[in-house]
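Here's the letter readout for the chains.
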Amino acid sequence: MIGRLNHVAIAVQNAGKASDTYRDILGAKISAPQDLPEHGVRVVFVELPNTKIEFLEPLGVNSPIAKFLERNPDGGMHHICYEVTDIRAARDRLVAGGARVLGDGEPKIGAHGNPVLFLHPKDFLGTLTELEEVPA
Ligand code: CO
């Protein structure tokens, strides 16, 4: 069911500083920062040949990553994202298998303009897991 690894997300206090580190030290290609107020984050993508790294910086007072950064003040791996071709079919299969979908279970539009869902980390080896619908 799952397809390509779309991205690995790293929560950071400052996405600009994180980007500078990846650009200057690792020689990575960096996207322009994007504010996603509906998700409570600012995102920057590191574009790698085979996947992406997503830096997540808290945006606003109720950012969903604020607690994570309290526990991980230096930043840390926040989630991984796999591509699926039909997100509602994927969700129905996961729910039938006993996995928990976060929120109201309805896909939201993510940073790439595609529908995304998050799966409970306790059901996936302690790792918050995102599914993103990418047409085949
Ligand atoms: Co993500």
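Everything in this summary refers to the structure shown in the same document. Bear in mind that the values here come from a model prediction, so they are computed numbers and not experimental data.

All right, on to the overall build of the protein chain then. Helix and strand counts for the protein chain come out as three helices and nine strands. Listing the helices and strands of the protein chain from first to last along the sequence gives β-α-β-β-β-β-α-β-α-β-β-β. Along the three orthogonal principal directions, the C-alpha set of the protein chain runs to about 45 × 30 × 25 Å. Taken over 136 residues, the protein chain has a buried fraction of 40%. When contacts within the protein chain are restricted to residue pairs at least 6 apart in sequence, long-range pairs at least 24 apart make up 55% of them. Accessible surface, the protein chain: about 7700 Å² in total, of which carbon and sulfur atoms supply 55%. Placing the 14 positive and 18 negative side-chain charges of the protein chain at their respective mean positions leaves the two points 3 Å apart.

Let's shift gears to the nonpolar core. Most often, soluble globular proteins have nonpolar side chains that are buried together. Residues Ala9, Ala11, Leu36, Val41, Val43, Phe45, Leu56, Ile65, Phe68, Leu69 and Ala111 constitute the largest nonpolar core, which totals 11 residues. Listed by contribution, the elements that provide at least two residues to this core are β1 (5-11), β4 (41-47) and α2 (66-71). Look past the residues within four positions of leucine 69 in its chain and what remains in contact with it is Ala11, Val12, Gln13, Pro58 and Gly75. Formed by 10 residues, the second largest nonpolar core is a distinct cluster that contains Val8, Val12, Ala28 and Val44.

This next bit is on the coordination of the cobalt ion. Summarising the metal site, the cobalt ion is bound by the protein donors His7 (NE2), Glu54 (OE), His79 (NE2) and Glu130 (OE), whose distances to it range over 2.1 to 2.5 Å. Relative to the metal, the four donor atoms surrounding the cobalt ion lie at angles of 85 to 172°, and the coordination shape comes out irregular. Binding-site remark: the cobalt ion is held by donors from one chain whose sequence spacing is H-x46-E-x24-H-x50-E. Here glutamate 54 is found in strand β5 (residues 52-58), whereas its partner glutamate 130 is found in strand β9 (residues 129-133), with 76 residues between them in sequence.

What counts and how
- Once a new chain begins, its residue numbering starts again from 1 and follows that chain's sequence as written.
- Only residues with pLDDT of at least 70 get local features here, since the model is predicted, and only at 80 or more are side-chain atom pairs given and counted; chain-wide, interface and lining totals rely on the full set of residues.
- With hydrogens and water excluded, all non-hydrogen atoms of the structure serve as input to the side-chain values.
- Strands here are runs of E lasting at least two residues and helices are runs of H or I lasting at least four, both read from the DSSP assignment and numbered beginning at the N terminus.
- Each residue gets one of three labels from its accessible area relative to the maximum for its type: buried under 20%, exposed over 50%, partly exposed in between, using a 1.4 Å probe on protein chains only.
- The contact criterion used is simple: two residues touch if any of their non-hydrogen atoms lie within 4.5 Å.
- For the accessible areas, the method is Shrake-Rupley and the probe is 1.4 Å, while residue cover comes only from the protein chains on display.
- Positive: Lys, Arg. Negative: Asp, Glu. His and the chain ends are not part of the count.
- Here the site of a charge means atom NZ of a Lys, CZ of an Arg, CG of an Asp or CD of a Glu.
- Throughout, nonpolar core names a set of buried Ala, Val, Leu, Ile, Met, Phe, Trp, Tyr and Cys residues whose side chains join them through atoms within 4.5 Å.
- Each metal's donors are the N, O and S atoms within 2.8 Å of it, or within 3.2 Å when it is Na, K or Ca, and because water is not part of the set, sites may look incomplete.
- Any coordination sphere not matching a tetrahedral pattern (four donors, all angles between 85 and 135 degrees) or a square planar or octahedral pattern (four or six donors, opposite donors over 155 degrees apart, other angles between 65 and 115) is reported as irregular.

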